2 protein chains.
Amino acid sequence: MTYCVGVKLDEGLIFASDSRTHAGVDNYSKFCKMTVFDRAGDRVLVLLSSGGLAATQTVITLLRRRAAGEAPHIWSVDSMCDVANLVSDAMRDIERRDGPFLETGGLKFNASFILGGQIAGEEMRLFRIYAEGNFIEAGTDTNFLQTGEAKYGKPILDLGVGSGATLEDATKCVLVSFDSTMLSNLSVGMPIDLLCYVRDSLRVTMKRRFGEGDVYFDALTRQWLEGTRKVFRALPPLEW
Amino acid sequence: MTYCVGVKLDEGLIFASDSRTHAGVDNYSKFCKMTVFDRAGDRVLVLLSSGGLAATQTVITLLRRRAAGEAPHIWSVDSMCDVANLVSDAMRDIERRDGPFLETGGLKFNASFILGGQIAGEEMRLFRIYAEGNFIEAGTDTNFLQTGEAKYGKPILDLGVGSGATLEDATKCVLVSFDSTMLSNLSVGMPIDLLCYVRDSLRVTMKRRFGEGDVYFDALTRQWLEGTRKVFRALPPLEW
(Lines give C-alpha, C1' and ligand atoms only; values in the text may rest on other atoms or scores of the structure.)
Protein backbone atom coordinates (compact mmCIF):
# COMPACT_ATOMS: atom_id res chain seq x y z
CA MET A 1 0.00 0.00 0.00
CA THR A 2 0.93 3.66 -0.15
CA TYR A 3 -0.45 6.96 1.06
CA CYS A 4 -0.23 10.08 -1.11
CA VAL A 5 -2.09 13.37 -0.78
CA GLY A 6 -2.38 16.41 -3.03
CA VAL A 7 -4.17 19.54 -1.82
CA LYS A 8 -5.17 22.65 -3.80
CA LEU A 9 -5.62 25.81 -1.72
CA ASP A 10 -6.10 29.45 -2.64
CA GLU A 11 -2.49 30.04 -1.51
CA GLY A 12 -0.85 27.09 -3.22
CA LEU A 13 -0.50 23.33 -3.50
CA ILE A 14 0.62 20.69 -1.00
CA PHE A 15 2.03 17.30 -1.97
CA ALA A 16 2.97 14.50 0.42
CA SER A 17 3.86 10.85 -0.01
CA ASP A 18 5.03 8.04 2.21
CA SER A 19 7.92 5.84 1.07
CA ARG A 20 7.08 2.29 2.04
CA THR A 21 6.81 -0.43 -0.57
CA HIS A 22 6.21 -4.05 0.24
CA ALA A 23 5.52 -7.50 -1.11
CA GLY A 24 3.83 -9.12 1.85
CA VAL A 25 4.75 -8.08 5.40
CA ASP A 26 8.06 -9.93 5.32
CA ASN A 27 9.54 -7.89 2.47
CA TYR A 28 9.36 -4.13 2.71
CA SER A 29 11.59 -1.32 1.48
CA LYS A 30 11.87 2.44 1.15
CA PHE A 31 11.43 4.21 -2.17
CA CYS A 32 10.63 7.87 -2.73
CA LYS A 33 7.23 8.21 -4.43
CA MET A 34 7.51 11.92 -5.19
CA THR A 35 8.99 13.07 -8.51
CA VAL A 36 9.51 16.76 -9.25
CA PHE A 37 10.11 18.35 -12.65
CA ASP A 38 10.81 22.05 -12.23
CA ARG A 39 12.29 24.87 -14.29
CA ALA A 40 12.23 28.11 -12.30
CA GLY A 41 9.96 30.75 -13.81
CA ASP A 42 8.44 28.28 -16.27
CA ARG A 43 6.88 25.24 -14.57
CA VAL A 44 6.68 23.07 -11.49
CA LEU A 45 5.27 19.57 -12.00
CA VAL A 46 4.90 17.11 -9.12
CA LEU A 47 3.98 13.45 -9.49
CA LEU A 48 3.07 11.19 -6.55
CA SER A 49 3.12 7.48 -7.41
CA SER A 50 0.92 4.65 -6.19
CA GLY A 51 0.74 1.04 -7.28
CA GLY A 52 3.40 -1.44 -8.30
CA LEU A 53 6.88 0.04 -8.08
CA ALA A 54 8.02 -1.59 -11.34
CA ALA A 55 5.12 0.11 -13.10
CA THR A 56 5.47 3.57 -11.57
CA GLN A 57 9.28 3.71 -11.93
CA THR A 58 9.02 2.70 -15.58
CA VAL A 59 6.41 5.36 -16.29
CA ILE A 60 8.64 8.04 -14.74
CA THR A 61 11.66 6.76 -16.69
CA LEU A 62 9.70 6.90 -19.94
CA LEU A 63 8.54 10.48 -19.21
CA ARG A 64 12.19 11.49 -18.64
CA ARG A 65 13.39 9.78 -21.81
CA ARG A 66 10.66 11.34 -23.90
CA ALA A 67 11.48 14.74 -22.35
CA ALA A 68 14.97 14.45 -23.88
CA GLY A 69 13.52 13.79 -27.34
CA GLU A 70 11.05 15.40 -29.69
CA ALA A 71 8.14 17.54 -28.44
CA PRO A 72 5.45 17.26 -27.22
CA HIS A 73 6.87 16.34 -23.82
CA ILE A 74 6.62 17.52 -20.22
CA TRP A 75 8.88 20.56 -20.82
CA SER A 76 7.16 21.64 -24.04
CA VAL A 77 3.41 21.50 -23.41
CA ASP A 78 1.69 24.64 -22.14
CA SER A 79 -1.09 23.16 -20.01
CA MET A 80 -1.16 20.85 -16.99
CA CYS A 81 -3.91 18.96 -18.76
CA ASP A 82 -1.45 18.07 -21.53
CA VAL A 83 1.00 16.86 -18.89
CA ALA A 84 -1.72 14.60 -17.50
CA ASN A 85 -2.24 13.21 -21.00
CA LEU A 86 1.51 12.60 -21.41
CA VAL A 87 1.56 10.65 -18.15
CA SER A 88 -1.50 8.74 -19.30
CA ASP A 89 0.14 7.92 -22.67
CA ALA A 90 3.26 6.65 -20.90
CA MET A 91 1.15 4.49 -18.56
CA ARG A 92 -0.74 2.96 -21.47
CA ASP A 93 2.46 2.30 -23.43
CA ILE A 94 4.01 0.49 -20.46
CA GLU A 95 0.83 -1.45 -19.89
CA ARG A 96 0.79 -2.57 -23.53
CA ARG A 97 4.37 -3.78 -23.12
CA ASP A 98 4.19 -5.39 -19.65
CA GLY A 99 0.48 -6.18 -19.21
CA PRO A 100 0.37 -9.52 -21.09
CA PHE A 101 3.41 -10.81 -19.17
CA LEU A 102 1.97 -9.72 -15.82
CA GLU A 103 -1.19 -11.63 -16.70
CA THR A 104 0.75 -14.88 -16.95
CA GLY A 105 1.56 -14.42 -13.23
CA GLY A 106 -2.04 -13.55 -12.39
CA LEU A 107 -1.11 -9.88 -11.95
CA LYS A 108 -2.45 -6.66 -13.46
CA PHE A 109 -0.59 -3.54 -14.51
CA ASN A 110 -1.15 -1.20 -11.58
CA ALA A 111 0.08 2.39 -11.48
CA SER A 112 -1.76 5.56 -10.55
CA PHE A 113 -0.62 9.10 -9.92
CA ILE A 114 -1.48 12.38 -8.31
CA LEU A 115 -0.22 15.13 -10.62
CA GLY A 116 -0.17 18.79 -9.75
CA GLY A 117 1.67 22.01 -10.35
CA GLN A 118 1.62 25.07 -12.52
CA ILE A 119 2.88 26.09 -15.96
CA ALA A 120 3.52 29.79 -16.73
CA GLY A 121 0.37 31.32 -18.26
CA GLU A 122 -2.00 28.88 -16.59
CA GLU A 123 -3.51 28.48 -13.11
CA MET A 124 -2.29 25.84 -10.65
CA ARG A 125 -4.00 22.49 -11.25
CA LEU A 126 -4.27 19.17 -9.47
CA PHE A 127 -5.23 15.80 -11.01
CA ARG A 128 -5.66 12.20 -10.05
CA ILE A 129 -4.71 9.82 -12.84
CA TYR A 130 -6.28 6.37 -12.50
CA ALA A 131 -4.62 3.07 -13.42
CA GLU A 132 -6.46 3.08 -16.76
CA GLY A 133 -4.94 6.47 -17.62
CA ASN A 134 -8.14 8.50 -17.35
CA PHE A 135 -8.10 11.32 -14.82
CA ILE A 136 -10.09 13.75 -12.68
CA GLU A 137 -9.23 17.28 -11.59
CA ALA A 138 -9.68 18.73 -8.09
CA GLY A 139 -12.09 21.66 -7.80
CA THR A 140 -13.49 23.91 -5.08
CA ASP A 141 -15.97 21.33 -3.75
CA THR A 142 -13.28 18.66 -3.46
CA ASN A 143 -9.89 20.30 -3.21
CA PHE A 144 -7.79 17.36 -2.10
CA LEU A 145 -7.04 14.02 -3.72
CA GLN A 146 -5.66 10.91 -2.06
CA THR A 147 -4.31 7.61 -3.34
CA GLY A 148 -3.50 4.35 -1.59
CA GLU A 149 -4.64 3.90 2.01
CA ALA A 150 -6.91 6.94 1.98
CA LYS A 151 -9.53 6.15 4.62
CA TYR A 152 -7.68 6.58 7.93
CA GLY A 153 -6.39 10.02 7.02
CA LYS A 154 -9.44 11.46 5.29
CA PRO A 155 -11.42 12.75 8.32
CA ILE A 156 -8.39 14.78 9.46
CA LEU A 157 -8.12 16.31 5.98
CA ASP A 158 -11.86 17.05 6.01
CA LEU A 159 -11.25 19.09 9.18
CA GLY A 160 -8.32 21.15 8.08
CA VAL A 161 -7.75 21.54 4.34
CA GLY A 162 -10.77 23.44 3.01
CA SER A 163 -9.74 25.56 0.01
CA GLY A 164 -9.67 28.70 2.22
CA ALA A 165 -7.20 27.17 4.73
CA THR A 166 -3.73 28.71 4.90
CA LEU A 167 -0.86 26.79 3.33
CA GLU A 168 0.76 26.53 6.76
CA ASP A 169 -2.26 25.18 8.69
CA ALA A 170 -3.22 22.80 5.89
CA THR A 171 0.34 21.45 5.73
CA LYS A 172 0.27 20.60 9.43
CA CYS A 173 -3.07 18.91 8.83
CA VAL A 174 -1.61 16.80 6.01
CA LEU A 175 1.23 15.66 8.29
CA VAL A 176 -1.25 14.72 11.04
CA SER A 177 -3.21 12.79 8.43
CA PHE A 178 -0.05 10.78 7.64
CA ASP A 179 0.54 10.14 11.34
CA SER A 180 -3.04 8.85 11.75
CA THR A 181 -2.60 6.53 8.79
CA MET A 182 0.77 5.15 9.88
CA LEU A 183 -0.65 4.33 13.34
CA SER A 184 -3.15 1.96 11.73
CA ASN A 185 -1.57 0.59 8.57
CA LEU A 186 1.86 -1.01 8.54
CA SER A 187 2.04 -0.70 4.77
CA VAL A 188 2.35 3.10 5.02
CA GLY A 189 5.65 4.26 6.51
CA MET A 190 8.27 6.97 6.90
CA PRO A 191 10.08 8.84 5.51
CA ILE A 192 7.37 11.24 4.39
CA ASP A 193 8.23 13.53 1.48
CA LEU A 194 6.53 16.93 1.60
CA LEU A 195 6.44 19.77 -0.92
CA CYS A 196 4.54 23.04 -0.63
CA TYR A 197 4.15 25.15 -3.75
CA VAL A 198 3.23 28.85 -3.49
CA ARG A 199 0.71 29.97 -6.13
CA ASP A 200 2.29 31.70 -9.15
CA SER A 201 5.83 31.31 -7.75
CA LEU A 202 6.82 28.85 -10.52
CA ARG A 203 9.68 27.51 -8.39
CA VAL A 204 10.22 24.97 -5.59
CA THR A 205 11.24 26.59 -2.33
CA MET A 206 9.71 24.31 0.31
CA LYS A 207 10.59 20.65 0.14
CA ARG A 208 11.36 18.49 3.13
CA ARG A 209 11.65 14.88 4.19
CA PHE A 210 10.48 13.62 7.60
CA GLY A 211 12.18 10.44 8.81
CA GLU A 212 11.78 8.32 11.94
CA GLY A 213 12.43 10.42 15.06
CA ASP A 214 12.13 13.75 13.21
CA VAL A 215 12.03 16.33 16.02
CA TYR A 216 9.48 18.59 14.31
CA PHE A 217 7.19 15.71 13.30
CA ASP A 218 7.25 14.21 16.80
CA ALA A 219 6.44 17.58 18.41
CA LEU A 220 3.63 18.13 15.92
CA THR A 221 1.94 14.80 16.55
CA ARG A 222 2.39 15.03 20.33
CA GLN A 223 0.82 18.48 20.42
CA TRP A 224 -2.00 17.31 18.15
CA LEU A 225 -2.73 14.48 20.62
CA GLU A 226 -2.67 16.81 23.63
CA GLY A 227 -4.70 19.49 21.83
CA THR A 228 -7.46 17.15 20.70
CA ARG A 229 -7.77 15.60 24.16
CA LYS A 230 -8.45 19.11 25.47
CA VAL A 231 -11.03 19.57 22.72
CA PHE A 232 -12.82 16.36 23.83
CA ARG A 233 -12.88 17.55 27.43
CA ALA A 234 -14.27 20.96 26.39
CA LEU A 235 -17.08 19.49 24.25
CA PRO A 236 -20.56 19.89 25.79
CA PRO A 237 -21.47 17.16 28.31
CA LEU A 238 -23.85 14.47 27.15
CA GLU A 239 -27.54 14.73 28.00
CA TRP A 240 -29.30 11.40 28.46
CA MET B 1 -21.94 -1.46 5.35
CA THR B 2 -22.30 -0.63 9.04
CA TYR B 3 -20.30 1.04 11.75
CA CYS B 4 -20.29 -0.34 15.30
CA VAL B 5 -17.93 0.43 18.18
CA GLY B 6 -17.46 -1.13 21.60
CA VAL B 7 -15.07 0.46 24.13
CA LYS B 8 -13.85 -0.90 27.46
CA LEU B 9 -12.67 1.71 29.95
CA ASP B 10 -11.75 1.56 33.64
CA GLU B 11 -15.06 3.34 34.36
CA GLY B 12 -17.32 1.27 32.13
CA LEU B 13 -18.28 0.26 28.61
CA ILE B 14 -19.49 2.25 25.62
CA PHE B 15 -21.50 0.78 22.75
CA ALA B 16 -22.56 2.62 19.61
CA SER B 17 -24.05 1.53 16.29
CA ASP B 18 -25.36 3.23 13.18
CA SER B 19 -28.66 2.08 11.70
CA ARG B 20 -28.27 2.11 7.96
CA THR B 21 -28.75 -1.05 5.92
CA HIS B 22 -28.61 -1.17 2.17
CA ALA B 23 -28.63 -3.35 -0.91
CA GLY B 24 -26.87 -1.09 -3.39
CA VAL B 25 -27.17 2.69 -3.12
CA ASP B 26 -30.71 2.70 -4.49
CA ASN B 27 -32.19 0.66 -1.66
CA TYR B 28 -31.41 1.68 1.88
CA SER B 29 -33.32 1.45 5.14
CA LYS B 30 -33.06 2.02 8.89
CA PHE B 31 -32.74 -0.86 11.33
CA CYS B 32 -31.48 -0.70 14.90
CA LYS B 33 -28.29 -2.79 15.21
CA MET B 34 -28.10 -2.66 19.02
CA THR B 35 -29.76 -5.38 21.09
CA VAL B 36 -29.78 -5.20 24.89
CA PHE B 37 -30.57 -8.04 27.28
CA ASP B 38 -30.64 -6.71 30.85
CA ARG B 39 -31.90 -7.85 34.23
CA ALA B 40 -31.09 -5.22 36.88
CA GLY B 41 -28.66 -6.45 39.52
CA ASP B 42 -27.84 -9.61 37.54
CA ARG B 43 -26.56 -8.87 34.02
CA VAL B 44 -26.33 -6.41 31.15
CA LEU B 45 -25.54 -7.89 27.72
CA VAL B 46 -25.22 -5.70 24.63
CA LEU B 47 -24.91 -7.00 21.07
CA LEU B 48 -24.01 -4.82 18.08
CA SER B 49 -24.74 -6.46 14.73
CA SER B 50 -22.86 -6.24 11.42
CA GLY B 51 -23.39 -8.12 8.20
CA GLY B 52 -26.50 -9.25 6.37
CA LEU B 53 -29.65 -8.15 8.18
CA ALA B 54 -31.41 -11.49 7.52
CA ALA B 55 -28.51 -13.26 9.24
CA THR B 56 -28.15 -10.96 12.24
CA GLN B 57 -31.89 -10.70 12.91
CA THR B 58 -32.24 -14.47 12.79
CA VAL B 59 -29.36 -14.97 15.21
CA ILE B 60 -30.95 -12.53 17.70
CA THR B 61 -34.34 -14.24 17.29
CA LEU B 62 -32.79 -17.64 17.96
CA LEU B 63 -31.04 -16.33 21.09
CA ARG B 64 -34.38 -14.99 22.36
CA ARG B 65 -36.22 -18.25 21.64
CA ARG B 66 -33.55 -20.34 23.32
CA ALA B 67 -33.63 -17.96 26.31
CA ALA B 68 -37.27 -18.94 26.81
CA GLY B 69 -36.39 -22.64 26.82
CA GLU B 70 -34.00 -24.96 28.65
CA ALA B 71 -30.67 -23.73 30.07
CA PRO B 72 -27.93 -23.03 29.16
CA HIS B 73 -29.07 -19.74 27.65
CA ILE B 74 -28.19 -16.03 27.88
CA TRP B 75 -30.00 -15.62 31.22
CA SER B 76 -28.56 -18.74 32.83
CA VAL B 77 -24.82 -18.74 32.10
CA ASP B 78 -22.49 -17.08 34.61
CA SER B 79 -19.73 -15.78 32.32
CA MET B 80 -19.66 -13.38 29.36
CA CYS B 81 -17.46 -15.93 27.63
CA ASP B 82 -20.34 -18.43 27.75
CA VAL B 83 -22.62 -15.78 26.24
CA ALA B 84 -20.12 -15.35 23.39
CA ASN B 85 -20.24 -19.12 22.84
CA LEU B 86 -24.06 -19.07 22.81
CA VAL B 87 -24.02 -16.34 20.15
CA SER B 88 -21.45 -18.34 18.22
CA ASP B 89 -23.60 -21.51 18.44
CA ALA B 90 -26.63 -19.60 17.17
CA MET B 91 -24.61 -18.16 14.27
CA ARG B 92 -23.34 -21.58 13.27
CA ASP B 93 -26.81 -23.13 13.48
CA ILE B 94 -28.26 -20.42 11.21
CA GLU B 95 -25.36 -20.79 8.82
CA ARG B 96 -25.95 -24.56 8.60
CA ARG B 97 -29.61 -23.87 7.79
CA ASP B 98 -29.24 -20.92 5.37
CA GLY B 99 -25.69 -21.25 4.03
CA PRO B 100 -26.31 -23.79 1.24
CA PHE B 101 -29.27 -21.76 -0.08
CA LEU B 102 -27.28 -18.51 -0.01
CA GLU B 103 -24.58 -20.26 -2.03
CA THR B 104 -27.03 -20.93 -4.86
CA GLY B 105 -27.31 -17.13 -5.20
CA GLY B 106 -23.52 -16.66 -5.01
CA LEU B 107 -23.82 -15.30 -1.45
CA LYS B 108 -22.18 -16.26 1.84
CA PHE B 109 -23.64 -16.28 5.33
CA ASN B 110 -22.40 -13.03 6.82
CA ALA B 111 -23.02 -11.97 10.42
CA SER B 112 -20.63 -10.66 13.02
CA PHE B 113 -21.12 -9.10 16.41
CA ILE B 114 -19.59 -6.96 19.09
CA LEU B 115 -20.68 -8.38 22.44
CA GLY B 116 -20.05 -6.73 25.78
CA GLY B 117 -21.45 -6.33 29.24
CA GLN B 118 -21.20 -7.74 32.70
CA ILE B 119 -22.68 -10.64 34.68
CA ALA B 120 -22.82 -10.48 38.51
CA GLY B 121 -19.70 -12.10 39.95
CA GLU B 122 -17.55 -11.37 36.92
CA GLU B 123 -15.71 -8.35 35.52
CA MET B 124 -17.01 -6.36 32.52
CA ARG B 125 -15.93 -7.95 29.23
CA LEU B 126 -15.95 -7.00 25.56
CA PHE B 127 -15.71 -9.37 22.58
CA ARG B 128 -15.72 -9.29 18.84
CA ILE B 129 -17.35 -12.38 17.32
CA TYR B 130 -16.30 -13.05 13.72
CA ALA B 131 -18.55 -14.40 10.96
CA GLU B 132 -17.16 -17.91 11.55
CA GLY B 133 -18.21 -17.78 15.21
CA ASN B 134 -14.72 -17.55 16.70
CA PHE B 135 -14.04 -14.47 18.84
CA ILE B 136 -11.45 -12.18 20.41
CA GLU B 137 -11.62 -10.22 23.65
CA ALA B 138 -10.54 -6.60 24.17
CA GLY B 139 -7.70 -6.04 26.61
CA THR B 140 -5.65 -3.16 27.96
CA ASP B 141 -3.45 -2.83 24.85
CA THR B 142 -6.47 -2.73 22.55
CA ASN B 143 -9.50 -1.60 24.49
CA PHE B 144 -11.88 -0.84 21.65
CA LEU B 145 -13.33 -3.02 18.90
CA GLN B 146 -14.98 -1.90 15.68
CA THR B 147 -16.95 -3.67 12.98
CA GLY B 148 -18.03 -2.58 9.51
CA GLU B 149 -16.55 0.63 8.07
CA ALA B 150 -13.85 0.91 10.73
CA LYS B 151 -11.08 2.90 9.01
CA TYR B 152 -12.43 6.46 8.85
CA GLY B 153 -13.28 6.52 12.54
CA LYS B 154 -10.26 4.72 13.99
CA PRO B 155 -7.75 7.62 14.25
CA ILE B 156 -10.28 9.61 16.30
CA LEU B 157 -10.74 6.65 18.65
CA ASP B 158 -6.95 6.27 18.90
CA LEU B 159 -6.85 9.86 20.18
CA GLY B 160 -9.55 9.71 22.78
CA VAL B 161 -10.49 6.28 24.12
CA GLY B 162 -7.41 4.95 25.92
CA SER B 163 -8.44 2.69 28.80
CA GLY B 164 -7.77 5.50 31.30
CA ALA B 165 -10.12 7.98 29.54
CA THR B 166 -13.26 9.01 31.39
CA LEU B 167 -16.57 7.52 30.27
CA GLU B 168 -17.79 11.01 29.40
CA ASP B 169 -14.80 12.12 27.26
CA ALA B 170 -14.56 8.75 25.53
CA THR B 171 -18.28 8.84 24.69
CA LYS B 172 -17.88 12.22 22.99
CA CYS B 173 -14.94 10.74 21.10
CA VAL B 174 -17.04 7.79 19.92
CA LEU B 175 -19.72 10.17 18.62
CA VAL B 176 -17.10 12.24 16.75
CA SER B 177 -15.80 8.99 15.28
CA PHE B 178 -19.29 8.28 13.92
CA ASP B 179 -19.53 11.78 12.48
CA SER B 180 -16.17 11.35 10.71
CA THR B 181 -17.32 8.04 9.24
CA MET B 182 -20.71 9.32 8.07
CA LEU B 183 -19.03 12.25 6.27
CA SER B 184 -17.13 9.80 4.06
CA ASN B 185 -19.26 6.69 3.69
CA LEU B 186 -22.89 6.84 2.56
CA SER B 187 -23.46 3.29 3.80
CA VAL B 188 -23.15 4.43 7.43
CA GLY B 189 -26.04 6.61 8.61
CA MET B 190 -28.12 7.99 11.44
CA PRO B 191 -29.79 7.36 13.80
CA ILE B 192 -26.89 6.38 16.06
CA ASP B 193 -27.73 4.22 19.07
CA LEU B 194 -25.53 4.83 22.10
CA LEU B 195 -25.32 3.00 25.41
CA CYS B 196 -22.91 3.71 28.27
CA TYR B 197 -22.59 1.12 31.00
CA VAL B 198 -21.09 2.03 34.39
CA ARG B 199 -18.77 -0.65 35.80
CA ASP B 200 -20.43 -2.94 38.36
CA SER B 201 -23.77 -1.12 38.08
CA LEU B 202 -25.45 -4.17 36.51
CA ARG B 203 -28.20 -1.98 35.04
CA VAL B 204 -28.79 0.23 32.01
CA THR B 205 -29.16 3.89 32.92
CA MET B 206 -27.67 5.70 29.91
CA LYS B 207 -29.11 4.86 26.51
CA ARG B 208 -29.84 7.39 23.83
CA ARG B 209 -30.56 7.66 20.12
CA PHE B 210 -29.19 10.48 17.95
CA GLY B 211 -31.21 11.20 14.81
CA GLU B 212 -30.76 13.69 11.96
CA GLY B 213 -30.71 17.27 13.30
CA ASP B 214 -30.12 16.19 16.92
CA VAL B 215 -29.27 19.43 18.73
CA TYR B 216 -26.63 17.89 20.98
CA PHE B 217 -24.94 15.94 18.19
CA ASP B 218 -24.83 18.98 15.91
CA ALA B 219 -23.32 21.15 18.67
CA LEU B 220 -20.77 18.44 19.46
CA THR B 221 -19.55 18.04 15.89
CA ARG B 222 -19.50 21.81 15.25
CA GLN B 223 -17.42 22.41 18.38
CA TRP B 224 -15.10 19.54 17.42
CA LEU B 225 -14.52 21.18 14.04
CA GLU B 226 -13.86 24.60 15.58
CA GLY B 227 -11.67 23.14 18.33
CA THR B 228 -9.47 21.10 16.02
CA ARG B 229 -8.98 24.06 13.66
CA LYS B 230 -7.62 25.98 16.65
CA VAL B 231 -5.33 23.04 17.42
CA PHE B 232 -3.95 23.11 13.85
CA ARG B 233 -3.28 26.84 14.12
CA ALA B 234 -1.51 26.37 17.46
CA LEU B 235 0.77 23.56 16.24
CA PRO B 236 4.42 24.57 15.83
CA PRO B 237 5.21 26.27 12.49
CA LEU B 238 7.00 24.20 9.89
CA GLU B 239 10.75 24.48 9.50
CA TRP B 240 12.01 23.93 5.95
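Up top is the structure.
Remember, predicted model here, so these are calculated numbers, not experimental data.

*Asks:* Account for the overall build of chain A, with residues named and values stated.
*Replies:* Across its full length, chain A holds five helices and twelve strands. Here the C-alpha atoms of chain A give a radius of gyration of 19 Å, agreeing with the 18 Å that 2.2 N^0.38 yields for 240 residues. Along the first, second and third principal axes, the C-alpha set of chain A runs to 65 × 45 × 35 Å. In chain A, buried positions account for 55% of the 240 residues. For chain A, the distance from the average site of its 27 positive side-chain charges to the average site of its 31 negative ones is 4 Å.

*Asks:* Kindly report on the side chain of Ser79 of chain B, identifying the contributing residues and their values.
*Replies:* All names here are of chain B. By the element assignment, Ser79 lies in the loop between α1 (53-67) and α2 (80-104). A relative accessible area of 13% places Ser79 in the buried class. A polar contact of 3.1 Å, which involves the side chain of Ser79, links it to the backbone nitrogen of Cys81. Engagement of the side chain of Ser79 in a polar contact is seen with the side chain of Glu122, the distance being 2.7 Å. Not counting the four nearest positions on each side in its chain, Ser79 is found in contact with Ile119, Glu122 and Arg125.

*Asks:* Break down the sheet that holds strand β10 (residues 144-148) of chain A for me, with residues and values.
*Replies:* Residues and elements named next belong to chain A. Strand order in the open sheet formed by five strands is β10-β1-β2-β11-β12, and the pairing between neighbours is antiparallel. For this open sheet the edge positions go to β10 and β12 (206-210), each flanked by a neighbour on one side alone. Strand after strand, the sheet turns through a mean of 10 degrees between neighbouring axes, direction not considered. Where strand β11 (residues 192-198) lies against β12, five bridges are found, and the strand directions are antiparallel. Within β12, the position partnered with Ile192 by the bridge is Phe210.

*Asks:* A description of the relation of the copies chain A and chain B should follow, citing residues and the corresponding values.
*Replies:* Here chain A sits on chain B after a turn of 180 degrees about the axis and a move of 0.0 Å along it, with an RMSD of 0.0 Å. Here the transformation between the copies is reduced to the relation of a two-fold axis. In terms of proximity to the rotation axis, the leading residue of chain A is Tyr152 of chain A, whose C-alpha is 2.4 Å off the axis.

*Asks:* So what's going on with the sheet that holds strand β10 (residues 144-148) of chain B? Residues and values would help.
*Replies:* Residue and element names in this part refer to chain B. Pairing within the open sheet is antiparallel, and its five strands lie in the order β10-β1-β2-β11-β12. Since the sheet does not close on itself, it has two edges, and those belong to β10 and β12 (206-210), each with one partner. Averaged over all neighbouring strand pairs, the angle between strand axes comes to 10 degrees, with direction disregarded.

*Asks:* Can you tell me about the packing of α1 of chain B against α2 of chain B, naming the residues and giving the values?
*Replies:* Residue and element names in this part refer to chain B. Two elements in contact, α1 and α2, have axes separated by 9 Å at closest approach and are oriented at 120 degrees. Viewed along their axes, α1 and α2 adopt a mutual orientation that is oblique. Relative to α2, the crossing made by α1 is right-handed. Along the contact surface, α1 presents Thr58, Val59, Leu62, Leu63 and Arg66, while α2 presents Leu86, Val87, Asp89, Ala90, Met91, Asp93 and Ile94. Across the contact of α1 with α2, the residue classes break down as eight nonpolar, one polar and three charged.

*Asks:* Describe unusual backbone geometry, with residues and values.
*Replies:* Residue and element names in this part refer to chain A. In this chain, Ala71 is followed by Pro72 through a cis amide linkage whose omega measures 5 degrees. Positionally, Pro72 belongs in the loop between α1 (53-67) and α2 (80-104). Positive phi values are uncommon outside glycine, yet Leu202 reaches one of about 55 degrees. In this structure Leu202 comes out as buried when scored by relative accessible area, which is 13%.

*Asks:* If you had to explain the state of the cysteines to someone new, which residues and values would you point to?
*Replies:* A covalent bond between the sulfur atoms of two cysteines is referred to as a disulfide. All names here are of chain B. Across all of its chains, the model carries zero disulfides over all chains by this definition. The thiol of Cys4 is not disulfide-bonded; the next cysteine sulfur, from Cys32, is found 9.5 Å away. Look at Cys4 and you get buried, because its relative accessible area is 0%.

*Asks:* Explain the environment of Pro72 of chain B residue by residue, including any values.
*Replies:* Residues and elements named next belong to chain B. Relative accessible area serves as the criterion here: at 59%, Pro72 is assigned to the exposed category. Note: C-alpha distance between Pro72 and Arg199 (127 residues apart in sequence) is 25 Å. Beyond its immediate chain neighbours, meaning those up to four positions away, Pro72 contacts Val77 and Leu86.

*Asks:* Tell me about the interface of chain A and chain B, and name the residues and values.
*Replies:* At the interface, 43 residues of chain A touch 43 residues of chain B. When chain A packs against chain B, close to 4100 Å² is buried across both sides, 70% of that on carbon and sulfur atoms. For chain A, the biggest contributors to the area lost against chain B are Leu159, Phe232 and Trp240 of chain A; these three give 20% of the whole. Summed over the shared surface of chain A and chain B, the result is two salt bridges. Ionic pairing is found between Lys151 of chain A and Glu149 of chain B, a salt bridge with its closest N-O pair at 2.8 Å. Here chain A is connected to chain B by 16 residue pairs in polar contact (both at pLDDT 80 or more). For the side of chain A that touches chain B, the secondary structure elements donating two or more residues are α3 (154-160), α4 (167-184), β11, β12 and α5 (215-234) of chain A. By residue number, the principal contributor to the side of chain A that touches chain B is α5 of chain A, which donates twelve residues. When grouped by side-chain class, the residues that make up the side of chain A that touches chain B number 24 nonpolar, seven polar and twelve charged.

Reading the values: rules and limits
Residues numbered from 1 in each chain as written. Chains lettered and ligands numbered in written order. Predicted model: local features only at pLDDT ≥ 70, side-chain atom pairs only at ≥ 80, totals over all residues. Heavy atoms only, no water. Helix = DSSP H or I, 4+ residues; strand = E, 2+ residues; numbered from the N terminus. Rg over C-alpha atoms; globule rule 2.2 N^0.38 Å. Buried < 20%, exposed > 50% of the residue type's maximum accessible area, 1.4 Å probe, protein only. Lys, Arg positive; Asp, Glu negative; His and termini not counted. Charge placed at Lys NZ, Arg CZ, Asp CG, Glu CD. Polar contact = N/O pair within 3.5 Å; in protein donor to acceptor, adjacent residues only side chain to side chain. Contact = heavy atoms within 4.5 Å. Pairing = 2+ DSSP bridges. Axes fitted to C-alpha atoms, helices over the stretch in contact; angles between N-to-C directions. Least-squares fit on C-alpha atoms with pLDDT ≥ 70 in both. Parallel < 35°, antiparallel > 145°, perpendicular 65-115°, else oblique. Left-handed = near helix turned anticlockwise from the far one by under 90°. Nonpolar A, V, L, I, M, F, W, Y, C, P; charged D, E, K, R; others polar. Disulfide = S-S within 2.5 Å. Buried area = accessible area lost by both parts, 1.4 Å probe. Salt bridge = Lys/Arg side-chain N within 4 Å of Asp/Glu carboxyl O.

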